[in-house]
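# Inside the fold
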Amino acid sequence: MVVLKTGLGERLISNDVEGKAFSELPVIDLQRLQGTNEDRKALAAEIQEVGPVFAISVERSPPGSSAIASGFFYISNHGVPQDVLDNAFGQAKQFFSQPMEKKLEIDQSKGNSFKGYVPLKGENVDPESRGDMHEAVDFGPEQGAAMSAEQTSGNMWPSAEDLPDFRPAIERAINEILALGQRLFPLFALALDLPEDFFADKLKNPGSAMRILHYPPQYGPVDTKEIGIGAHTDYECFTILAQHGDVQALQVLNSAGEWVQAPPKEGTFVLNIGDQLQRITNGLFKSTVHRAINRTGQDRMSIPFFFGLDYDAMLETLPSCVSADRPAMYEPITAGEYVEKRMKETYVKAPKAEEVKAPKAEEVKA
Ligand SMILES: O=C(O)CCC(=O)C(=O)O
Ligand SMILES: [Fe+2]
């Protein structure tokens, strides 16, 4: 076991690379989201239940804590049409297949809002690691807010001459998944025994981002300090993750500190809880530690959508999550300030990226 430092404290993790085989991880069927109040309450109860069964965290919990939901499940019947995701992945493949100089036309360092292209090893989510073995391109909702006065909200798009269908496909995916996040949030309110619309005034313009990731395969012995994406928690309230095809790479930390595989499941997204929900619930909802290692020999793509509160909303501990033996653990901070701080930590530690190349199978074998 080794200690992982996350943005919200330390967690113990095993240093096994392969991870435990996939065993029953919960699938929550969202069909009933459109149903009666009773249907939605029953769904919220399912979200409460995944906590104790799939307690992800072995973090040193405060006295008297009991995780309501520790944060990792699949969602089915989510209402995002499959063709929206297929088109987004199709366009993503075309984007990543371009020559490096084309991709660097929208290099993230050209803007100041964490949007645009990030080459292999251009970021590093785990401070103990040496850079993540993926390339990525980041976008936000077109009408999105900036995280802080220092920043803009602007997206950078590849040229319409090179990739004419890219922007419409990606914007459609952003809009659909953003709307799914808005539909899901009331369930989390219900799971906290709050009125469904409790968070509505903090979700007028959710501080959100959608990434498209490409993980080249890694061969031979894999150093856990140089994997697809190092062990980390996400910064927002929850992440809605689409995985492309049938390529297994995502691993989630279970309560024993072991890595459990989370393979793609047709027609589902993976949903994991992030730091903002952990903060406002005073740790009742756990921000799930996860990572990705692509050892399949195939290229992998995924699209995480990070759904957070409005950047100007205050992350304040809910009074119902505080008690005499469970004092508030986190200082109030705006959602934008929190995400910006975590993003800056992620990018500054990465090595300079220009010349990092994915290893080829034959080079490793030689
Ligand atoms: O690609 C994946 O499966 C996970 C991506 C991820 O954890 C992230 O971008 O935060
Ligand atoms: Fe993540």
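Residues numbered from 1 in each chain as written. Chains lettered and ligands numbered in written order. Predicted model: local features only at pLDDT ≥ 70, side-chain atom pairs only at ≥ 80, totals over all residues. Heavy atoms only, no water.

An unreviewed UniProt entry annotates the protein as Fe2OG dioxygenase domain-containing protein originating from Rhodotorula taiwanensis.

## Digging into the sheet that holds strand β13 (residues 290-292)
Taking strand neighbours across the sheet as the criterion, the 4 strands line up as β8-β13-β10-β11 in an open arrangement whose pairing is antiparallel. Each of the sheet's edge strands pairs with one partner strand only, and the pair in question is β8 (229-232) and β11 (259-261). Strand-to-strand, the axes of this sheet are offset by a mean angle of 25°, without reference to chain direction. (Pairing = 2+ DSSP bridges. Helix = DSSP H or I, 4+ residues; strand = E, 2+ residues; numbered from the N terminus. Axes fitted to C-alpha atoms, helices over the stretch in contact; angles between N-to-C directions.)

## Details of helix α4 (residues 166-191)
Its 26 residues give α4 an end-to-end C-alpha distance of 37 Å, which sits within 8% of 38 Å, the value for a rise of 1.5 Å per residue. Remark: D193 follows α4 within two positions and exhibits a positive phi of approximately 60°. (Expected span 1.5 Å × (residues − 1).)

## Thoughts on helix α2 (residues 82-97)
Taking 1.5 Å of rise per residue, 16 residues should cover 22 Å, and α2 covers 23 Å from first to last C-alpha, within 8% of that figure. Within α2 the residues assigned to the buried category are V84, L85, A88, F89, Q91, A92, F95 and F96. Viewed along the axis of α2, the buried residues span an arc of 165°, placing them on a single side of the element. Away from the buried face of α2 by more than 90 degrees, exposed residues K93 and S97 are located. (Buried < 20%, exposed > 50% of the residue type's maximum accessible area, 1.4 Å probe, protein only. Arc of directions from axis to C-beta.)

## Some words on the pairing of strand β7 (residues 206-215)
Most of β7 sits out of view: 10 of its 10 residues are buried. By the alternation rule, side chains of β7 split into P206, S208, M210, I212 and H214 and G207, A209, R211, L213 and Y215, which are all buried. As judged from the 5 bridges shared by strand β6 (residues 135-139) and β7, these two strands associate in the antiparallel manner. The residue of β7 that forms the bridge with A136 is L213.

## A closer look at the packing of aromatic side chains
All chains considered together, the criterion is met by 14 aromatic pairs. Taken together, a centroid distance of 5.5 Å and an interplanar angle of 75° make the contact between F95 and F96 edge-to-face. With a centroid separation of 6.4 Å and 70° between ring planes, the pair formed by W157 and F166 is classed as edge-to-face. F166 shares its class with W157; the two are buried. A network of ring pairs unites the aromatic residues F185, F188, F198, F199, F238, F285 and F307 as a single cluster. (Phe/Tyr/Trp six-rings, centres within 6.5 Å; stacked < 30°, edge-to-face > 60°.)

## Quick notes on the coordination of the iron ion (ligand 2)
At 2.1 to 2.2 Å from the iron ion (ligand 2) lie its protein donor atoms, namely H232 (NE2), D234 (OD) and H290 (NE2). Mapping the donors of the iron ion (ligand 2) onto the primary sequence yields the spacing H-x1-D-x55-H. Neither residue differs from the other here; H232 and D234 are each classed as buried. (Donors = N, O, S within 2.8 Å, 3.2 Å for Na, K, Ca; no water.)

## Re the environment of V137
Following the sequence through the fold, V137 ends up in strand β6. Linking V137 and M210, residues 73 residues apart in sequence, is a C-alpha distance of 8.5 Å. Residues within four places of V137 in sequence aside, it is in contact with F95, F96, I106, G116, Y117, M210, R211 and I212. (Contact = heavy atoms within 4.5 Å.)

## Quick look at the state of the cysteines
Counted under the stated rule, the structure contains 0 disulfides. Sulfur of C237: no disulfide; nearest cysteine sulfur belongs to C321 and is 13 Å away. The class for C237 is buried, based on a relative accessible area of 0%. Residue C321 is classed as buried on the basis of its relative accessible area, which comes to 5%. (Disulfide = S-S within 2.5 Å.)

## Some thoughts on the pattern of salt bridges
One pass over the full model with this rule turns up 15 salt bridges. The shortest N-O distance in the salt bridge between R40 and E196 comes to 2.7 Å. With R40 in helix α1 (residues 37-53) and E196 in the loop between α4 and β7, this residue pair connects regions lying 156 residues apart in the sequence. Here D83 makes a salt bridge to R172, at a shortest N to O gap of 3.6 Å. With D83 in helix α2 and R172 in helix α4, the pair connects residues that are 89 residues apart, well separated along the chain. Overall, the relative accessible area of 39% leaves R172 in the partly exposed class. The network of salt bridges with common partners includes D275, K341, R342 and E345. (Salt bridge = Lys/Arg side-chain N within 4 Å of Asp/Glu carboxyl O.)

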